[in-house]
Amino acid sequence: MKKVLFFLLIFLAFANANAQIVKPVKWTSKVEQLSDSEFNLVMEGKIDEGWHLYSQFTPENGPLPAEFTFENAKGNYELVGKTKESDYKKQYNDVFEVDEYYFEKKVTFIQKIKISNPKLTSIKAKIDFQVCKDVCINGDNTFTFQLPKIEASTLDQPVSSSVTAVVDTTQIVPVSVKPATVTEIVAPKKAEDKGLWTIFFLAFLGGFAALLTPCVFPMIPMTVSFFTKQSKNPAQGKRNAILYGISIIAIYVVLGLAITGIFGADALNALSTNAWFNVFFFLLLVIFAVSFLGAFEIMLPNSWANKVDKQADRGGIIGILFMALALAIVSFSCTGPIVGTLLVESASKGGIAPIVGMLGFSSALALPFMLFAMFPSWMNSLPKSGGWLNTVKVSLGFLELALAFKFLSNADLVLQLHLLEREVFLAIWIAIFGTWALYLLGKITTPHDISLTHISVGRLSLGLLVLAFTVYMIPGLFGAPLKLISAFPPPQSYSESPMGFLGSPAESKQDLPDGAKIGEHGIITFTDYEKGLAYAKKVNKPVMLDFTGFACVNCRKMEINVWSDEKVLNHLKNDVVLISLYVDDKRELPKNEQFISKSTGSEIVTIGDKWTDFVITRYKTNTQPYYVLTDLKEQKLNEPISYTPDIKEYLAWLKDGISKFK
């Protein structure tokens, strides 16, 4: 699956006529000796203001993570555990719908090693990383760690408890400190951010939806009646109601704690990007959906409810706690699928998200019970139980079913099976939401529905809204972008007909020039410079070089929002030969094509390395997106530009370069 590029350089660099090679991270290194055979290799980076460097723990589909390569380890030393890093920050990216894990200002990486070859004097390590501001830069740095002389007889023997040797890249400096002060950075601790508030809010809505189901809503008057009769005075009734609400919240938060504790803060996050776990989540949500639609009910054993109910008769604080537990068990057939979905979604975020999710859900569930028990007179304002409760439940079933296919789509994208391409996904969603609209309009019923003599205004309004949404999705089958739901279906390029099958027919593969493909918006695109240049000479058109990345956020913004403009698209299709060079392409070059860069001294091993070196060598920059217009002698027609979201400005640049082509 694509790993994301998230992209480069400062605004001043855009206006500079001579693009500069930007190096926003300055690296230093040192060695910490832990014993006669064990060392910490410490790599520290100072990050320029405003830039972000991405963690090695960045989720798949997110920005390009830091990666480490340690040379000649076999027979010389072993890596002890994974490279550890300082605390990172977390922020949601609304373009790629994932969280970003990043460092700002400074970062420290530590790799513990154990020496097995006493003749070893140095270790080389390389970090590949990405840093972003308005644009992104793919960078690398090679470290050479000098080791102290190691006596073979002392290997595996602990060093004196009062001395720790610290070694930088040029010299060995003994430092007298206590063992506890040796630097060792533990696994990253995620920063709280607005993403958790989003989870809380969505979970709160989920709790409110659960409240309006047949399993929960009728229990409000029963619970209020119990507290009113059992309390000796109004003050005691209010106190018991508050304790009851707190108990409900505590039960669900403990569930979130259990999920986090059992699986670990990041384990489910890692699993959420796994294709087979996405298939599992798909099956789980389908079961939940079918249950809500009335095929069967998911229930906990009756013996559990009976035992808990007996404990609730004890009274006092313990009795109230068991009353809350009884509510959770009895209402499980309605709340279980919602809780399960929330746990799946929040667990995919990692960290304390499951706890926050359960806090939001239980707060919405507990609040009405507390308020109506404290103010019984409000009961008169509650709507009567009836068929509308089942309508809410069935509607949740349709939503669960639609969400399930998002997980299946994730798995299909990861495995690149092309079984659930954009058209198929949208067809399924159109069928689901269309059926939901028919249900709300009373045209179809489910097993637990009552006969309708009329449709309420609220149900009719919701039905029309769902029907309108269904109609909105239909043009997506023919290539419409569907920006309102862009986070859910696969991208347009992952489809049977990238051009749409009712629009202008795309060129067939046999009609395409050698090395070309159909790119965004149906533009004929080359991904190899030599083949693209040869074609440009054949058709006598200028070349537009597009230095991009598979997961470059600003590159995608340019393609979706700027290239889609009618005038811009006309030039890109008819007046230039587009060559898109992906600097993050990790496919290895053939051995005979690998080389050492004369510009940077870096090893050029992958296709992405090749195009990165190309843009640095020829244009003295390392930014993406980066656009260059050239003639057939490979000379610039005008000054290259980078991220330019202003359509008029980008169009003017295109026209200027094309007009200078001879």
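Here the structure is a predicted model, which is why all the values come from computation and not from measurement.

**Q** Any chance you could explain helix 10 (residues 353-374) here in plain terms?
**A** Side chains of residues three or four places apart in an α-helix project in the same direction, reflecting 3.6 residues per turn. Along its 22 residues, helix 10 runs 31 Å from first to last C-alpha, staying within 8% of the 32 Å computed at 1.5 Å per residue. The principal kink in helix 10, of about 30°, is found at Ala 366, preceding the proline Pro 368 by one to four residues. Taken across its 22 residues, helix 10 has 19 buried, putting it largely inside the fold.

**Q** I would appreciate a short explanation of the side chain of Thr 525 in the present structure.
**A** Within the secondary structure, Thr 525 is located in strand 14 (residues 524-526). Classification of Thr 525 as buried rests on a relative accessible area of 5%. Within the structure, Thr 525 has its side chain in polar contact with the backbone oxygen of Ile 523 (distance 3.0 Å). Once residues lying within four places of it in the same chain are set aside, the contact partners of Thr 525 are Gly 515, Ala 516, Lys 517, Gly 519, Leu 578 and Ser 580.

**Q** Just to check I follow, could you spell out the packing of aromatic side chains for this structure?
**A** In total, this model carries 29 aromatic pairs according to the counting rule given. Consider the rings of Tyr 88 and Phe 103, whose centres lie 6.3 Å apart with planes at 80°: the pair is edge-to-face. Note that Tyr 88 is positioned in the loop between strand 5 (77-85) and strand 6 (89-93) and Phe 103 in strand 7 (residues 98-103), a separation of 15 residues in sequence. On the accessibility criterion, Tyr 88 (3% relative accessible area) is buried. Judged by centre distance (6.1 Å) and plane angle (65°), the ring pair of Phe 547 and Tyr 619 falls under edge-to-face. In this pair, Phe 547 sits in strand 15 (residues 543-548) while Tyr 619 sits in helix 17 (residues 607-619), placing the two residues 72 residues apart along the sequence. Against the face of Tyr 439 rests Arg 459, its NZ or CZ located 4.8 Å from the ring centre.

**Q** What should I look at first to understand the sheet that holds strand 15 in this one?
**A** Whenever strands of a sheet pair, they do so through backbone hydrogen bonds, lying parallel or antiparallel. If you walk across this open sheet you meet the five strands as 13-14-16-15-19, and the pairing is mixed. Two strands in the sheet have a free side with no partner beyond their single neighbour: strand 13 (516-518) and strand 19 (626-630). When the angles between neighbouring strand axes are averaged without regard to direction, this sheet yields 30°. Inspection of the sheet shows strand 13 paired to strand 14 by three bridges, in the antiparallel sense. If you follow Ile 518 over to strand 14, its bridge partner there is Ile 524. Each of strand 14, strand 15 and strand 16 (577-582) touches helix 14 (residues 529-539); the most contacted strand, strand 16, lies at about 175° to it.

**Q** What exactly am I supposed to notice about the environment of Ile 320 here?
**A** Relative to the assigned elements, Ile 320 resides in helix 8 (residues 316-330). Look at Ile 320 and you get buried, because its relative accessible area is 6%. Once the C-alpha coordinates of Ile 320 and Ile 246 are considered, the two residues, 74 residues apart in sequence, prove to be 9.9 Å apart.

**Q** I'm lost on helix 16 (residues 566-574) in this one. Help?
**A** Taken residue by residue, helix 16 has Val 568, Leu 569, His 571 and Leu 572 as its buried positions. When helix 16 is viewed along its axis, its buried side chains cluster within an angular range of 160° and face the same direction. Seen from the open side of helix 16, the exposed residues pointing more than 90 degrees away from its buried face are Glu 566 and Lys 567.

**Q** Can you walk me through the pattern of salt bridges in this structure?
**A** Any two side chains of opposite charge can pair, given that their charged atoms come close. Under the defined criterion, the tally for this structure stands at six salt bridges. Here Lys 26 and Asp 48 are joined by a salt bridge, their closest N and O atoms 3.3 Å apart. In this pair, Lys 26 sits in strand 1 (residues 25-33) while Asp 48 sits in the loop between strand 2 (38-47) and strand 3 (52-54), placing the two residues 22 residues apart along the sequence. For Lys 26, a relative accessible area of 45% gives the class partly exposed. Between Lys 636 and Glu 639 there is a salt bridge, and its shortest N-O distance comes to 3.9 Å. Judged by relative accessible area, which is 42%, Lys 636 ranks as partly exposed.

About the criteria used
Residues numbered from 1 in each chain as written. Predicted model: local features only at pLDDT ≥ 70, side-chain atom pairs only at ≥ 80, totals over all residues. Heavy atoms only, no water. Helix = DSSP H or I, 4+ residues; strand = E, 2+ residues; numbered from the N terminus. Expected span 1.5 Å × (residues − 1). Bend = angle between axes of the 7 residues up to and from the residue. Buried < 20%, exposed > 50% of the residue type's maximum accessible area, 1.4 Å probe, protein only. Polar contact = N/O pair within 3.5 Å; in protein donor to acceptor, adjacent residues only side chain to side chain. Contact = heavy atoms within 4.5 Å. Phe/Tyr/Trp six-rings, centres within 6.5 Å; stacked < 30°, edge-to-face > 60°. Lys NZ or Arg CZ within 6 Å of the ring centre and 35° of its normal. Pairing = 2+ DSSP bridges. Axes fitted to C-alpha atoms, helices over the stretch in contact; angles between N-to-C directions. Arc of directions from axis to C-beta. Salt bridge = Lys/Arg side-chain N within 4 Å of Asp/Glu carboxyl O.

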